[in-house]
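What follows is each chain in one-letter form.
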Amino acid sequence: MGDYRLTVLCGGRSLMLVPKSFMGTDPSERVRELCVDVLRSSSEMAEFMYEGVKVTLYSNGGLMFYHLNDPDLAERYADTILYDRV
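Values in this document were obtained by computation on a predicted structure and should not be read as measured data.

(A) Expanded view of the side chain of R30. Looking at the secondary structure, you find R30 in helix 1 (residues 27–34). Judged by its relative accessible area of 11%, R30 falls in the buried class. In this structure the side chain of R30 is engaged in a polar contact, spanning 2.7 Å, whose partner is the side chain of E33. Excluding anything up to four places from it in sequence, R30 contacts T25, L57, T80, I81, L82, Y83 and D84.

This is the structure in structure tokens:
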């Protein structure tokens, strides 16, 4: 996976992607920029819905995708969420 370290969790039902290099972010600020449905947020993490998938963004840039088992799709989502690119 390009710029990310992938961890498969929950028996393959969820994925964690962590960028290999990332400058850090305030998760609550980033999700406000994305205009997504925020479930809860703080300066350390933000939980939100993205394209029908529950996602948690951590301040180190790590992304937890719940009930998503497609690494390629998760990487595309991560690129958009973190870097606003496709």
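(B) Expanded view of the environment of L82. As for its placement among the helices and strands, L82 is situated in helix 2 (residues 71–83). Measuring from C-alpha to C-alpha, the distance between L82 and L57 comes to 8.9 Å, with 25 residues separating the pair along the chain. Apart from the residues lying within four places of it in its own chain, the contact partners of L82 are Y4, P19, F22, R30, L57, G61 and L63.

(C) Examining the packing of aromatic side chains more closely. This structure, assessed with the given rule, holds two aromatic pairs. Judged by centre distance (5.1 Å) and plane angle (80 degrees), the ring pair of Y50 and Y77 falls under edge-to-face. A residue pair is termed long-range when its members are at least 10 positions apart, and Y50 in strand 4 (residues 45–50) and Y77 in helix 2 qualify at 27 residues. With respect to burial, Y50 and Y77 carry one shared label: buried. Their ring planes at 40 degrees and their centres at 6.4 Å tell us that F65 and Y77 sit as a pair that is tilted. Placement of the pair is F65 in strand 6 (residues 63–65) and Y77 in helix 2, with a sequence separation of twelve residues. Exposure class is identical for F65 and Y77. Each is buried. If you follow K54 out to its NZ or CZ, it ends over the ring of Y66, 5.2 Å from the centre.

Reading guide: rules and limits
Residues numbered from 1 in each chain as written. Predicted model: local features only at pLDDT ≥ 70, side-chain atom pairs only at ≥ 80, totals over all residues. Heavy atoms only, no water. Helix = DSSP H or I, 4+ residues; strand = E, 2+ residues; numbered from the N terminus. Buried < 20%, exposed > 50% of the residue type's maximum accessible area, 1.4 Å probe, protein only. Polar contact = N/O pair within 3.5 Å; in protein donor to acceptor, adjacent residues only side chain to side chain. Contact = heavy atoms within 4.5 Å. Phe/Tyr/Trp six-rings, centres within 6.5 Å; stacked < 30°, edge-to-face > 60°. Lys NZ or Arg CZ within 6 Å of the ring centre and 35° of its normal.

Fair warning: the whole summary comes from geometry, so function is off the table for now.
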